[in-house]
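Structural overview
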Protein chains: 2
Amino acid sequence: MSLERKGDAVDTIIEQWNRERPDLDVSPMAPIGRLKRCAALMDRRLDEAFTAFDISFWEFDVLATLRRSGAPYCLAPTALFSTLMITSGTMTHRLQRLEARGLVERKANPDDARSKLVQLTDSGLALIERAVEAHVANEWRILEPLEAADLRALEESLVKLLAVLEPSGD
Amino acid sequence: MSLERKGDAVDTIIEQWNRERPDLDVSPMAPIGRLKRCAALMDRRLDEAFTAFDISFWEFDVLATLRRSGAPYCLAPTALFSTLMITSGTMTHRLQRLEARGLVERKANPDDARSKLVQLTDSGLALIERAVEAHVANEWRILEPLEAADLRALEESLVKLLAVLEPSGD
DNA sequence: CCATTTTATCTTGAACTCAAGATTTCTATA
DNA sequence: TATAGAAATCTTGAGTTCAAGATAAAATGG
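First, a word on what this report is: a plain description of the structure on this page. (Residues numbered from 1 in each chain as written. Chains lettered and ligands numbered in written order. Predicted model: local features only at pLDDT ≥ 70, side-chain atom pairs only at ≥ 80, totals over all residues. Heavy atoms only, no water.)

Looking only at helices and strands, chain A features 7 helices and 3 strands. When the helices and strands of chain A are listed from N to C terminus, the series reads α-α-α-β-α-α-β-β-α-α. By the compact-globule yardstick of 15 Å for 170 residues, chain A is too spread out, its C-alpha radius of gyration being 21 Å. For the C-alpha atoms alone, the extent of chain A along its principal axes is close to 60 × 35 × 25 Å. Put simply, 48% of the contacts in chain A that link residues at least 6 apart link residues at least 24 apart. Total accessible area on chain A stands at roughly 8900 Å², and carbon and sulfur atoms take up 52% of it. If you average the places of the 22 positive and of the 28 negative side-chain charges in chain A, the two averages end up 3 Å apart. (Helix = DSSP H or I, 4+ residues; strand = E, 2+ residues; numbered from the N terminus. Rg over C-alpha atoms; globule rule 2.2 N^0.38 Å. Contact = heavy atoms within 4.5 Å. Areas by Shrake-Rupley, 256 points an atom, 1.4 Å probe, with all protein chains shown as cover. Lys, Arg positive; Asp, Glu negative; His and termini not counted. Charge placed at Lys NZ, Arg CZ, Asp CG, Glu CD.)

This is the structure:
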């Protein structure tokens, strides 16, 4: 039951605060600090799959959003940057890069002249089809060391945390 | 037992992939996607506490690392950027900013002329003492909607995930 | 004690991001 | 149908980050 756990980086931080500021109860730093650290380490692991395709995380994100929207793999910029949690300016920049690489193309929106739709090119589609396979395989590999029960518990915990954090919970 | 859960953003993404690429088992996207999304949303919430002190997240991070190292609140740059998971170049830039704001100062290292130690100024110390209090209070506030048992479960899950991701597990 | 290697840090240049403001087009309504 | 307000996007400028290379000092092995 009470297995001794070797302290990780977050344990060290909390011990330091307890020594320096015993007046503060910093226990929320445990889940929050680990969340941040897990996310940072996870990003690095995920990036490894993308470099094999010469794309970065954000390029994958945009292409994958278009791909999973279904044929004809075409969305308005607003739909993209809302989903991706980035600003419109960042979206403009990303689209320029992707268009320059020939992975997406812009076309007039017949219903709204304010926007130019973004569509996967054949080349972009071919790339994302292979990249997403490698990405998912990589995710399986990363999580493989976790016991099935632990993975389920993690999933369940994150569902509850996300529900608390989602803007809809304002 | 089987309460219906309203789908979140990650559920939508997984449903899309299942429709578009039924050949792929994308179930690892559930925990990984939520981890990323939780981390992004958490960052925003944490930032709110810092803006009240006119500092950004990275400024807090550096000052806090110095503060919790204990008196005399003085570390070598390498110790700082290793802890903070950033490159040396980024550290140089951050230190220049913090020094310009009068929150840290540089002093010769008597034991190693290659490094100039970084130390909190009185002003920097005063700032971080107040900022960390606000930060911890904010963390309590953010997690407060979670049931105690759920918080414990989350904590436990993240410990296990972090153990899998930490570089020591190479 | 000298040459080599390692360590610590800084410099440089490019990339990515955001906030705020500008532009163009749509929408509702008087 | 004008017109004000809303919406979609782009532009601009500044800030943050990293990778790679430069520099200086320390440690190591004869």
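A few words on the protein's contact with DNA strand C. Lining the immediate surroundings of DNA strand C are 20 residues, of which Thr-90 and Arg-94 of chain A together with Thr-78, Arg-114 and Ser-115 of chain B lie closest. For DNA strand C, the backbone makes up 78% of the atoms found within 4 Å of the protein, where backbone means sugar plus phosphate. The contact in question runs from a phosphate oxygen of DNA strand C to an N or O atom on the side chain of Arg-97 of chain A, over 3.2 Å. With respect to DNA strand C, the backbone of Ala-113 of chain A contributes an N or O atom lying 3.0 Å from a phosphate oxygen. Within the residue set of the surface near DNA strand C, elements represented by two or more residues are α5 (88–100) of chain A together with α4 (77–84) and α5 (88–100) of chain B. Here the surface near DNA strand C is composed, by residue class, of 5 nonpolar, 9 polar and 6 charged. (Near = heavy atom within 4 Å. Polar contact = N/O pair within 3.5 Å; in protein donor to acceptor, adjacent residues only side chain to side chain. Nonpolar A, V, L, I, M, F, W, Y, C, P; charged D, E, K, R; others polar.)

Now for the sheet that holds strand β1 (residues 74–75) of chain A. Residue and element names in this part refer to chain A. Judged by pairing direction, the sheet is antiparallel, and its 3 strands sit side by side in the order β1-β3-β2 without closing on themselves. Of all strands in the sheet, those with a lone pairing partner are β1 and β2 (104–108), marking the two edges. Pairing of β1 with strand β3 (residues 116–120) involves 2 bridges; the strand directions are antiparallel. Across the sheet, residue Cys-74 finds its bridge partner in β3, namely Gln-119. (Pairing = 2+ DSSP bridges.)

To continue, consider the interface of chain B and chain A. Between chain B and chain A, the contact holds 68 residues from the first and 68 residues from the second. Both sides together, the interface formed by chain B and chain A hides about 6600 Å², and carbon and sulfur atoms give 70% of it. Taken together, the links from chain B to chain A amount to 14 salt bridges. Among the ionic pairs, Asp-43 of chain B bridges to Lys-36 of chain A, the shortest N-O distance being 2.6 Å. Run the count over chain B and chain A and you get 20 residue pairs in polar contact (both at pLDDT 80 or more). Put simply, the parts of the chain that give the side of chain B that touches chain A at least two residues each are α1 (9–20), α2 (29–51), α3 (57–68), α6 (122–143) and α7 (148–165) of chain B. With 17 residues, α2 of chain B is the single largest residue contributor to the side of chain B that touches chain A. Each residue belonging to the side of chain B that touches chain A can be placed in one class, and the counts come to 40 nonpolar, 7 polar and 21 charged. (Buried area = accessible area lost by both parts, 1.4 Å probe. Salt bridge = Lys/Arg side-chain N within 4 Å of Asp/Glu carboxyl O.)

Near DNA strand D lie 20 residues; those nearest to it are Pro-77, Thr-78 and Ser-115 of chain A together with Thr-90 and Arg-94 of chain B. For DNA strand D, the fraction of atoms within 4 Å of the protein that belong to sugar or phosphate moieties is 77%. One of the backbone nitrogen or oxygen atoms of Pro-77 of chain A is found 3.4 Å away from a phosphate oxygen of DNA strand D. Residue Thr-90 of chain B places a side-chain N or O atom 2.3 Å away from a phosphate oxygen belonging to DNA strand D. Of all the elements in the fold, those that place two or more residues in the surface near DNA strand D are α4 (77–84) and α5 of chain A together with α5 of chain B. Residue composition of the surface near DNA strand D, by class: 5 nonpolar, 9 polar and 6 charged.

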